[in-house]
Amino acid sequence: MTIITDLTPIPQARQKLMAAFSPVETERIPLSQAAGRVLAEAICSQSDLPAFANSSMDGFAIRTDDARGADQTHPVTLAVVEDIPAGASPKVSLGAGQAARIMTGAALPPGADAVVRVEDTDFGLRDPGSSAPKRVQVYQSVAVGENVRPRGQDVRAGETVLNPDRRLRPQDVGVLAMLGMPDVPVYRRPRVGLMSPGDELLPLGAPLEAGKIYESNSYMLAALIAQSGGDVARLGIVPDTMEAVRQSLQGAIAGGVDLLLSTGGVSVGAFDYVRAVLEREGELILWRVNMRPGKPLAFGSYQGVPYFGLPGNPVSAYVGFQVFVRPALRKMAGLPEEARLTRKVCLSEPIESDGRESYLRVSATHQGGKWFARLTGHQGSGNLYSLVNANALLIVPAGVTSLPVGAELEAWFFEGLDS
Ligand code: AMP
Ligand code: MG
């Protein structure tokens, strides 16, 4: 088998194109919309959390000295001098022999150093709205600080609570709300103009015609773009003419996009106008990469906007996206470079390759402490269903053309790519 050598190796291609990307600008958005967005600045706490010592239980705030040695048979009787619901500011400082009824989250009164749970008193569990007793019998001694959440237990004022360049998770959003931040600085989501050139393509919902297929790549790619932190501007199906491709690209740029992405039309067919438009009216930085599937990948810029021309075959488009577009888009979105989730797998069947760096669809299973990989079907780049049935892409290094059963290779697992 001959090894094709006039193609750019994947690492060089990646390096070349990544240099063309930088993070988009930042914006402030309401916290209610911030989940999943990429934080653009470090967040330092302006206050302690909790901001004041408070009770973690419904019960009675007491002075521990007063209840020393108390138990069921030797209860201690204390005078209840205040009732402190959550949200109230205590007025009374507890003296010896005094207690205050206190609710979960209510501020500990001065003089108190612990809370005894309501279950450990003669007051017991009461109906909502019941007023505080005049006296309470305490059936249990408590240690200093028991059932009390001290000020600053969770976060100290001045502490960096969130570092930038990370997606905000639900709990991150929660802590920002605890800090009282109504809005947060995030990176704008990069907008990706997504074009589907091809005279054979029909929109979903249209009756299928002879020789035509449904346009499917844009649906898969829109989902991939969203996973990588981008927003999609759909440019739709575009006829296979130079003029139509040009018009669609210009329309996208007028509407404001950070990246242009298309599938198909970048090969050497008679109707492959995308590359020609780039070459003549933009800049073609890269064309044809030493990978399989996905060789006819083009990268360049059109009117200053970076442009990825992915191959039209659905599996090539998927792999080309994961290998090149995802890292670029993540960089634009303010996210750090991510490590691929790879594992060593053992081949359950022999495989052949053509010497390009190949990404083969496999089903990998874990048996006896080892991973084993088997192809999910014919590796034709139009066969998307074999990708549906795969949980990993087996990476056959450049230069390797055949491997026997039992050979060990890296496989790129999808788990991490789905989030
Ligand atoms: P091309 O590079 O334009 O020759 O396309 C290669 C293959 O991908 C052809 O079989 C096309 O029909 C197919 N293809 C191109 N674009 C799409 C698309 N948007 N959705 C599904 N298949 C496509
Ligand atoms: Mg085409």
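Residues numbered from 1 in each chain as written. Chains lettered and ligands numbered in written order. Predicted model: local features only at pLDDT ≥ 70, side-chain atom pairs only at ≥ 80, totals over all residues. Heavy atoms only, no water.

## Quick notes on the overall build of the chain
Thinking step 1. Looking only at helices and strands, one finds seven helices and 27 strands in the chain.
Thinking step 2. Taking 22 Å as the expected radius of gyration for a compact globule of 419 residues, we find that the chain reaches 32 Å, considerably beyond that expectation.
Thinking step 3. The principal-axis extents of the C-alpha atoms in the chain amount to approximately 95 × 55 × 45 Å.
Thinking step 4. Burial analysis of the chain (419 residues in total) assigns 47% to the buried set.
Thinking step 5. Taking the intrachain contacts of the chain between residues at least 6 apart in sequence as the baseline, contacts between residues at least 24 apart amount to 71%.
Thinking step 6. When the accessible surface of the chain is summed, it comes to about 19,400 Å², and 52% of that surface belongs to carbon and sulfur atoms. (Helix = DSSP H or I, 4+ residues; strand = E, 2+ residues; numbered from the N terminus. Rg over C-alpha atoms; globule rule 2.2 N^0.38 Å. Buried < 20%, exposed > 50% of the residue type's maximum accessible area, 1.4 Å probe, protein only. Contact = heavy atoms within 4.5 Å. Areas by Shrake-Rupley, 256 points an atom, 1.4 Å probe, with all protein chains shown as cover.)

## Section: the site of ligand 1
Thinking step 1. Close to ligand 1 lie 13 residues; Glu 200, Glu 215, Gly 265, Gly 312 and Asn 313 are nearest.
Thinking step 2. Interatomic distance of 2.5 Å between a side-chain N/O atom of Glu 200 and an oxygen atom of ligand 1.
Thinking step 3. Between ligand 1 and Asn 313, the relevant distance is 3.1 Å, taken from an oxygen atom to a main-chain nitrogen or oxygen of the residue.
Thinking step 4. Contact with the protein chains hides 76% of the accessible area of ligand 1, taken as 490 Å² for the molecule alone.
Thinking step 5. For the shell around ligand 1, the per-class residue count stands at two nonpolar, eight polar and three charged. (Near = heavy atom within 4 Å. Polar contact = N/O pair within 3.5 Å; in protein donor to acceptor, adjacent residues only side chain to side chain. Nonpolar A, V, L, I, M, F, W, Y, C, P; charged D, E, K, R; others polar.)

## Overview of the packing of helix α1 (residues 10-18) against helix α6 (residues 314-332)
In a pair of packed helices, the angle between the axes and the distance between the axes together describe the arrangement.
Thinking step 1. α6 packs onto α1 with a crossing angle of 30 degrees between their chain directions and a minimal axis gap of 10 Å. Our classification of the angle between α1 and α6 gives roughly parallel. The two elements α1 and α6 cross, and the hand of that crossing is right-handed. In contact with Ile 10, Ala 13, Arg 14, Leu 17 and Met 18 of α1, α6 contributes Val 323, Phe 324, Pro 327, Ala 328 and Lys 331.
Thinking step 2. A breakdown of the residues in the contact of α1 with α6 according to their chemical character gives eight nonpolar, no polar and two charged. (Axes fitted to C-alpha atoms, helices over the stretch in contact; angles between N-to-C directions. Parallel < 35°, antiparallel > 145°, perpendicular 65-115°, else oblique. Left-handed = near helix turned anticlockwise from the far one by under 90°.)

## A few points about the sheet that holds strand β7 (residues 114-117)
Thinking step 1. Here five strands make up an open sheet; going across it, the order is β7-β4-β6-β5-β8 and the pairing mixed. Strands at the two margins of the open sheet, each flanked by one partner only, are β7 and β8 (135-138). In this sheet, neighbouring strand axes are inclined to one another by 40 degrees on average, regardless of whether the strands run parallel or antiparallel.
Thinking step 2. Relative to strand β6 (residues 98-102), strand β5 (residues 76-84) runs parallel, the two sharing five bridges. Pairing of Ala 79 across the sheet is with Gln 98, part of β6. (Pairing = 2+ DSSP bridges.)

## A short note on helix α4 (residues 242-255)
Thinking step 1. In this model α4 runs 20 Å from its N-terminal to its C-terminal C-alpha over 14 residues, within 8% of the 20 Å that 1.5 Å per residue would give.
Thinking step 2. Among all positions of α4, only Met 242, Ala 244, Val 245, Ser 248, Leu 249 and Ala 252 are buried.
Thinking step 3. Along its buried surface, α4 packs onto β12 (191-197), β15 (231-238), β16 (259-263), α5 (273-281), β19 (298-302) and β20 (305-310).
Thinking step 4. At the C-terminal side of α4, Gly 256 shows a positive phi close to 90 degrees. (Expected span 1.5 Å × (residues − 1).)

Worth remembering: the numbers are spatial, not functional.
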